[in-house]
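The lines below spell out each chain.
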Amino acid sequence: MQLDKLLVENREIILKQWKDCLLTKFAPETILFFQKQKDQFANPMGHKISVGLAELFDVICDTSSREVETPSLGQLIKLRAVQQVSASDAVSFVIQLKKIVRKECLSNIKTRESYEEWLAFDVRVDTAVLAVFDMFMASREQIYKVRVNELSSGRLNGAVCPSAMMKKEQEQQAQAAADIPALK
Amino acid sequence: MAIPKVEELRVNVAREPSLMTGAIPKEEWMDVPVHFEEGNFCYPAKPSMVDYLKFPNSREWSPDDEDWKLPEGWEEIILNGLKERLDKFRSLKIFMDICVRCGACADKCHFFLGTGDPKNMPVLRAELLRSVYRNDFTTAGKLLGKLAGGRTMTVGVLKEWFMYSYQCTECRRCSVFCPYGIDTAEITMMMRELLHLVGVGTNWILEPASNSNRTGNHMGLQPHTFKENIEYLVDDIEEITGIRVNPTFNRKGAEVLFITPSADVFAEPGIYTAMGYLLLFHHIGLDYTWSTYASEGGNFGLFTNNELMKKLNAKQYAEAKRLGVKWILGGECGHMWRVLHQYMDTMNGPADFLEVPKSPITGTVFDNAASTKMVHISEFTADLIKNKKLKLDPMRNAHRKATFHDSCNPARAMGLIDEPRYILDNVVPKWYEMPENTIREKTFCCGSGTGLNTGEIMELRMRSGLPRANAVEHVRDKFGVNMLSCVCAIDRATLSSLTEYWTPDVEVCGVSELVGNALIMDGEKERESGLRFEPLAGMEE
Ligand code: SF4
Ligand code: SF4
């Protein structure tokens, strides 16, 4: 049997294990809840993990697709980017897919016969890790921007009214323009 | 740096205390110590703020220090403080006693949903205080200690209180689901009060509170600056509509005193909401005044202790008395309404020197405010619309696809749920509700209320705001929503950051901004742009 077929056949079980490995860090009661509650609005984190992983899995399995980033994966990585974990930790889950797939599919397939297929699969996972790493860094950058924008909007410290600032600037420019002839 | 091997990563995952709180799971919750690191705590209050407010134990310290420099005999101070409050607030005593640990509240908190940390389950959050209560104030606890769920007050427990009472926005969502109506928000309030007794507090709360005490608003702005800022908004309104509105300040004898959060006067996107108020009052010819002294609707005393809350609230009423107004109209604020609806009357009320509010335009008497004499701008506006006193063109908001976020306090602490919706029905062509379990009394918090809207915990805020953001994302994807409207100033600030991260193409506004856009003013010029100078539909270049 070919690897691509096995991946499709075992999609659900692989995804479940993949999700579990993203959840290991949580306390038992949390894990239970994340797995049990199916309403996406009552369990946004569990939901984001599930759909994000599913999209990434499909991208990795679909040999014709080039683009790794999908909307739900983007949201999952944003989640990782605010969980205060190291960058390597945040993206390591992608690599775990290799292990899970080997465990689920290896017994049904002769490694030597499908050597090239395995290699190709690994390459796709590796590519995905790099892409996910970029996404993670972009999300981190975005967080910094949000922080800076919040400060500069005055939303929180309210230092200045944007309108007032604009007016002051205009006044200063007008003053400067008026001052030039006076200097001459 | 060498790339770690998968196997190493796995070990890393299991060993590292890398959940937000640093809790290494799979142990009894009582045995898991808290771990503070940059990013998971709000900065402590500056000594100058603590001194100004005459709070005890001002000093330089940091939550990630081992030694918090607590005062001599701090355990006793805390236990005495708890005793005093158990005697004073019957609700606290009841909340300590009646929880049956049914777990109905456990998964309802946005902090739990966003962090996955079990101590953010409301039942466990309350247990942090309850365990100490049991130990020292119940017979079973005194005899059996840990066996009866009791815990002695230790530094570890105190640190835990600090961690988790500042991971609760006192939003009260959990109380909606509790069969006994236990309000964990009140338990959080008590934990924060007790912490203040030993000098453990955050700057983001104490600084606005002391500013409010000093100059009348969170930002510490003085009267002339406050007035100047509103005048800039008046200029902008004239540019957009061709109408010059004429607000007055500190005017004695005005019929109505208008009080709104100062963020509406100083910061985006609140200023557009303020422009909406200015247009509305001009449109109906309201006899009203702003005050440069009661220039803050918010009350950070609520997040500090009940005495400070009372004092800041009293300032608003003192100003109403000084000016001799008949009643007070309040702007779009969140916790200001909680203070008003739940505490004002027994704290500073009844405000007998004022009259029961009556709309001078429609004649409607607001009996619901018979004692506090303060009416919410949404009630007031909805009444105007219902009585057909406003000329409105909803198509001026056609460039907005709106949804509505119920702010926790108006929705759950005062039941203001339908009025803003009724206004939206009349000022925008169409708007969309978020899913049922995320709105009205079940609304999800913005994630940054009660003084948690500070930059140093941005990541935490993005997680606690996830349940809200997730629902916004849903209506954005399904209906193309691009505007998240609300009636709370903290929301306008914090949701702006939340959407910037999770749903970048959704903006945030106050409902009154949409009212301002829709109002057809007498003698106005053709409107080409909205209050943000953004082009109206069909007016794009
Ligand atoms: S009041 Fe809100 S933030 Fe606090 S425990 Fe309840 S649901 Fe959570
Ligand atoms: S729902 Fe109420 S009674 Fe049940 S565990 Fe929560 S606080 Fe206790």
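All values derive from a computational prediction rather than experimental measurement. (Residues numbered from 1 in each chain as written. Chains lettered and ligands numbered in written order. Predicted model: local features only at pLDDT ≥ 70, side-chain atom pairs only at ≥ 80, totals over all residues. Heavy atoms only, no water.)

Draft legend 1. Structural detail: the overall build of chain B. What chain B contains, in helices and strands, is 23 helices and 8 strands. A compact globule built from 541 residues would reach a C-alpha radius of gyration of about 24 Å, and chain B, at 24 Å, matches this within 12%. Overall, chain B is about 75 × 60 × 45 Å in size when its C-alpha atoms are taken along their principal axes. The proportion of buried residues among the 541 residues of chain B is 65%. Considering only contacts in chain B between residues 6 or more positions apart, those separated by 24 or more positions represent 76%. Of the roughly 19200 Å² of accessible surface on chain B, a fraction of 52% belongs to carbon and sulfur atoms. (Helix = DSSP H or I, 4+ residues; strand = E, 2+ residues; numbered from the N terminus. Rg over C-alpha atoms; globule rule 2.2 N^0.38 Å. Buried < 20%, exposed > 50% of the residue type's maximum accessible area, 1.4 Å probe, protein only. Contact = heavy atoms within 4.5 Å. Areas by Shrake-Rupley, 256 points an atom, 1.4 Å probe, with all protein chains shown as cover.)

Draft legend 2. Looking closely at helix H11 (residues 203-215) of chain B. Residues and elements named next belong to chain B. Between its first and last C-alpha atoms H11 spans 17 Å; for 13 residues at 1.5 Å apiece the expected length is 18 Å, and the two agree. Here H11 has its buried residues at Asn203, Ile205, Leu206, Pro208, Ala209, Ser210, Asn211, Ser212, Asn213 and Thr215. Next to the buried residues of H11 lie helix H2 (47-52), helix H10 (184-197) and helix H15 (306-323). Of the residues one or two after H11, Gly216 is the one with positive phi, at around 105°. (Expected span 1.5 Å × (residues − 1).)

Draft legend 3. Structural view of the pattern of salt bridges. What the rule picks out here adds up to 46 salt bridges over all chains. For Asp122 of chain A, the salt bridge goes to Arg102 of chain A, with nearest N and O atoms at 2.9 Å. Pair noted here: Asp122 of chain A is in helix H7 (residues 115-152) and Arg102 of chain A is in helix H6 (residues 87-105), with a separation of 20 residues, a long-range link. Between Asp522 of chain B and Lys391 of chain B there is a salt bridge, with the nearest N and O atoms lying 2.8 Å from each other. Placement of the pair is Asp522 of chain B in the segment after helix H23 (511-518) and Lys391 of chain B in the loop between helix H17 (377-386) and strand S5 (402-404), with a sequence separation of 131 residues. Relative accessible area serves as the criterion here: at 43%, Lys391 of chain B is assigned to the partly exposed category. Because the salt bridges share partners, they merge into one network encompassing Arg400, Glu507, Glu513, Arg532 and Glu534 of chain B. (Salt bridge = Lys/Arg side-chain N within 4 Å of Asp/Glu carboxyl O.)

Draft legend 4. Representation of the site of ligand 1 in the model. Residue and element names in this part refer to chain B. The full set close to ligand 1 counts 13 residues, and Cys109, Cys168, Cys171, Arg172 and Cys174 are the nearest of them. At the level of secondary structure, the elements contributing two or more residues to the shell around ligand 1 comprise helix H6 (122-137), helix H9 (173-177) and H10. Within the shell around ligand 1, the residues separate by chemical class into 6 nonpolar, 3 polar and 4 charged. (Near = heavy atom within 4 Å. Nonpolar A, V, L, I, M, F, W, Y, C, P; charged D, E, K, R; others polar.)

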